[in-house]
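Structural characterization, general
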Amino acid sequence: MENIQKGQALFNSVGCATCHSLSKDKLYGPTLNAILGTKVTVIRTDGEHSFLVDKNYIKKSIIDPDYEKRVLFKNNKMPKPNLTNFEVDCITNYLISINNKSLE
């Protein structure tokens, strides 16, 4: 629970909330409150790939935002955050917690 609260604080303080909505509002980046388990199509250097969003995808997207881009946001640039592994885990766990609530 403490990590989730820290993740929420980090989400807001490091700038994630500036571009990513936690509702259906359209912002610069994709909405993050209802992505867990959804199918996304991304572009990597070797072409397009489709898969279901899971914890690993969320974490990888935070650590290395240039690795792959969601097709709908392919022209948008996400800054690479300067976060520790613990901070990335906290944000990831926070996003999973709000996604699980949106499934209830």
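Keep in mind it's a predicted model, so treat the numbers as computed, not measured.

Right, let's get into the nonpolar core. One finds F11, V53, Y57, I58, I62, I91 and L95 to be the most contacted residues of the largest nonpolar core, which totals 19 residues. Those elements that provide at least two residues to this core are α1 (2-13), β1 (39-44), α3 (55-63) and α4 (85-103). With seven residues, α4 is the largest single contributor of residues to this core. For V53, the contacting residues outside a window of four places in its chain are I35, L36, G37, T38, V40 and I58.

What follows concerns the sheet that holds β1. Ordered in space as β2-β1-β3, the three strands form an open sheet in which the pairing is antiparallel. The open sheet is flanked by β2 (47-52) and β3 (69-70), the only strands paired with a single partner. Taken together, the two bridges between β1 and β3 define a ladder with antiparallel strand orientation. Bridged to I43 within β3 is K69.

Let's shift gears to the pattern of salt bridges. Taken as a whole and assessed by the stated rule, the structure comprises five salt bridges. The closest approach of N and O atoms between K77 and D66, which form a salt bridge, is 2.9 Å. Here D66 lies in the loop between α3 and β3 and K77 lies in the loop between β3 and α4, a separation of 11 residues in the sequence.

Quick look at the state of the cysteines now. A complete count under the given rule lists zero disulfides for this structure. No disulfide involves C16; its sulfur sits 8.9 Å from the nearest other cysteine sulfur, which is in C19. Of the residues examined, C19 reaches a relative accessible area of 24% and is grouped as partly exposed.

On to the side chain of N99, then. Tracing the backbone through its elements, the reader meets N99 in helix α4. Exposure remark for N99: the relative accessible area of 1% places this residue in the buried category. Reaching out from N99, the side chain makes a polar contact with the backbone nitrogen of A34 at a distance of 3.4 Å. Not counting residues within four places of it along the chain, the set of residues in contact with N99 comprises L32, N33, A34, I35 and L36.

Thresholds applied
Residues numbered from 1 in each chain as written. Predicted model: local features only at pLDDT ≥ 70, side-chain atom pairs only at ≥ 80, totals over all residues. Heavy atoms only, no water. Core = buried A, V, L, I, M, F, W, Y, C linked by side-chain atoms within 4.5 Å. Buried < 20%, exposed > 50% of the residue type's maximum accessible area, 1.4 Å probe, protein only. Helix = DSSP H or I, 4+ residues; strand = E, 2+ residues; numbered from the N terminus. Contact = heavy atoms within 4.5 Å. Pairing = 2+ DSSP bridges. Salt bridge = Lys/Arg side-chain N within 4 Å of Asp/Glu carboxyl O. Disulfide = S-S within 2.5 Å. Polar contact = N/O pair within 3.5 Å; in protein donor to acceptor, adjacent residues only side chain to side chain.

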